[in-house]
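# Commentary on secondary and tertiary structure
Take a look at the letters that make up each chain.
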Amino acid sequence: MIMASKAALEKKFKEFCTELSKNDKIAIIHHSDADGLCSALIAGKAIERLTGRKPVVVLPYEYGNIKQERKAVAQIKKKKANKLLVVDLGIDSSLHSLAEKCSFEKCLVIDHHKLYKDLNSKKIVFLKAQFFTKKKPSAYVASKFAFDLFNKVTDISDLDWLACIGILGDMSLDAWQPFVKKTIKKRNVSMTWLYRFLDLIASVEVVANKKIPELYWEFFDAKHPSDVLESKFHKLLNEFTKEKDRLVEGFAEKAKQFPEIELYFYAIKARYENIKSYVINEISEMRPHKTIILLQFLPKGRVRFSARRQDCKVKVNDLLTEAIKGIPNSNAGGHAPAAAGSIPRQHAKKFKTNIIAILEKEYK
Ligand SMILES: [Mn+2]
């Protein structure tokens, strides 16, 4: 693969922005987590400042969620969006990507997931963190990446707090200590203040997934960041924390350990479909040198899974993509320290056997 140069891509990005006008109808599709939401907010706000017009559609997307994908494609068509922004989603990992199903004049992708294919073309401005930073791409979170990019074409320095939330959401504080500290100082707030936004976003994502677009506009239209913390979404926090704590506590008793290959398997049934990444993040933070795989059995015949390995000794994105080979209707992707995917339920055993076999080979 020929790596595109940073300078050439920056020029392409600036051209995309210069061409924007108030006649454009812009759709934004973002990953359904905190970094996804915050990068979509930064992009949406920047677009509004550049064109005087808000995006016409902003919707979340979680890998493999076909319902969400159909909804997004239908909305984009219905609102006659002519330009598409995709943030914090590795659309190059799957051939049947969302972008291919929409017709658009131009598409801008801002992402930091693993690079599978350079999609740059006349129509697509494809910006991967890999092209822009020497840091680990997983740490150049989409929110900070979008913040740095759009700040070159319009002043969005007041959106620094959103970039910070994305950084915390993707657990990349280590890479951005000075930036986060500077933001906290400038705004006279605390880390706790930033984490409160993160918990609020997580609560909505987990307990009331369908309300993510509503939360987006709550953030978008807030006069002051703290208004969001006092919004009606606040009441979802308790419900979220209770279920998360129950599942984190269950790990000690129910997880299966494979000490020789530093692996844990933990299968859960949860009240909420999207809780697994928050559960595994907490478990993994306490065990940074273990490979942790969490399987969530869904009522409708699918198993979703997440994997974590903080020290990156095992690259869990590669581990998962390797483990689903030969399993029909399966998908997997993500970052070296954090990845996810799903398979049909009847293949759960094969998936486990594959994981163990791959790791046993690696540890030999
Ligand atoms: Mn991200």
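The notes below deal with the structure included here. (Residues numbered from 1 in each chain as written. Predicted model: local features only at pLDDT ≥ 70, side-chain atom pairs only at ≥ 80, totals over all residues. Heavy atoms only, no water.)

At a minimum axis distance of 7 Å, the contact between helix 6 (residues 142-150) and helix 7 (residues 160-169) shows a crossing angle of 150°. Taken together, the axes of helix 6 and helix 7 lie roughly antiparallel to each other. Contacts between helix 6 and helix 7 involve Ser143, Lys144 and Phe147 on the former and, on the latter, Asp160, Leu162, Ala163, Gly166 and Ile167. A class-by-class count of the residues in the contact of helix 6 with helix 7 yields four nonpolar, two polar and two charged. (Axes fitted to C-alpha atoms, helices over the stretch in contact; angles between N-to-C directions. Helix = DSSP H or I, 4+ residues; strand = E, 2+ residues; numbered from the N terminus. Parallel < 35°, antiparallel > 145°, perpendicular 65-115°, else oblique. Contact = heavy atoms within 4.5 Å. Nonpolar A, V, L, I, M, F, W, Y, C, P; charged D, E, K, R; others polar.)

With respect to the helices, strands and loops of the structure, Ala336 is situated in the loop between strand 10 (331-334) and strand 11 (338-344). Between the C-alpha atoms of Ala336 and Asn317, which are 19 residues apart in sequence, the distance is 5.3 Å. Setting aside anything within four residues of it in sequence, one finds Ala336 in contact with Arg309, Cys312, Val314, Lys315, Val316 and Asn317.

Before going further, it helps to examine the coordination of the manganese ion. At 2.1 to 2.3 Å from the manganese ion lie its protein donor atoms, namely Asp35 (OD), Asp88 (OD), His112 (NE2) and Asp170 (OD). Between consecutive donor residues of the manganese ion, the sequence gaps follow D-x52-D-x23-H-x57-D. Placement of Asp35 in helix 2 (residues 34-51) and of His112 in the loop between strand 4 (106-111) and strand 5 (124-128) is noted, with a sequence separation of 77 residues between them. The exposure class assigned to His112 is buried, which follows from its relative accessible area of 1%. (Donors = N, O, S within 2.8 Å, 3.2 Å for Na, K, Ca; no water. Buried < 20%, exposed > 50% of the residue type's maximum accessible area, 1.4 Å probe, protein only.)

Attention now goes to the layout of surface pockets. Here the second largest pocket is characterised by a volume of approximately 230 Å³. Lys114, Gln130, Pro137, Asn317 and Ala336 are the residues nearest the centre of the second largest pocket, which is lined by 15 residues in total. When grouped by side-chain class, the residues that make up the lining of the second largest pocket number five nonpolar, six polar and four charged. Each of domain 1 (6-230) and domain 2 (250-363) gives at least three residues to the lining of the second largest pocket. (1 Å grid on protein atoms, 1.4 Å probe; cavity = no way out; pocket = protein on both sides within 12 Å on 5 of 7 lines; lining within 4 Å. Points joined across faces, edges and corners; volume = space filled by probe spheres on them. Domains from an automatic or database assignment.)

At 11 Å, Lys144 is the nearest oppositely charged side chain to Asp35, a buried residue that forms no salt bridge. A distance of 3.3 Å separates the side chain of Asp35 from the side chain of His112, its partner in a polar contact. Beyond its immediate sequence surroundings of up to four residues, Asp35 is in contact with Asp88, His112, Val141, Ala142, Ser143, Gly166 and Asp170. (Lys, Arg positive; Asp, Glu negative; His and termini not counted. Salt bridge = Lys/Arg side-chain N within 4 Å of Asp/Glu carboxyl O. Polar contact = N/O pair within 3.5 Å; in protein donor to acceptor, adjacent residues only side chain to side chain.)

Counting buried positions along helix 13 (residues 276-286) gives eight out of eleven residues, so the element sits mostly inside the fold. When helix 13 is considered as a whole, its buried residues turn out to be Lys276, Ser277, Tyr278, Val279, Ile280, Asn281, Ile283 and Ser284. For helix 13, the secondary structure elements touched by its buried residues are helix 9 (191-207), helix 12 (237-254), strand 7 (263-268), strand 8 (291-297), strand 9 (302-308) and strand 11.

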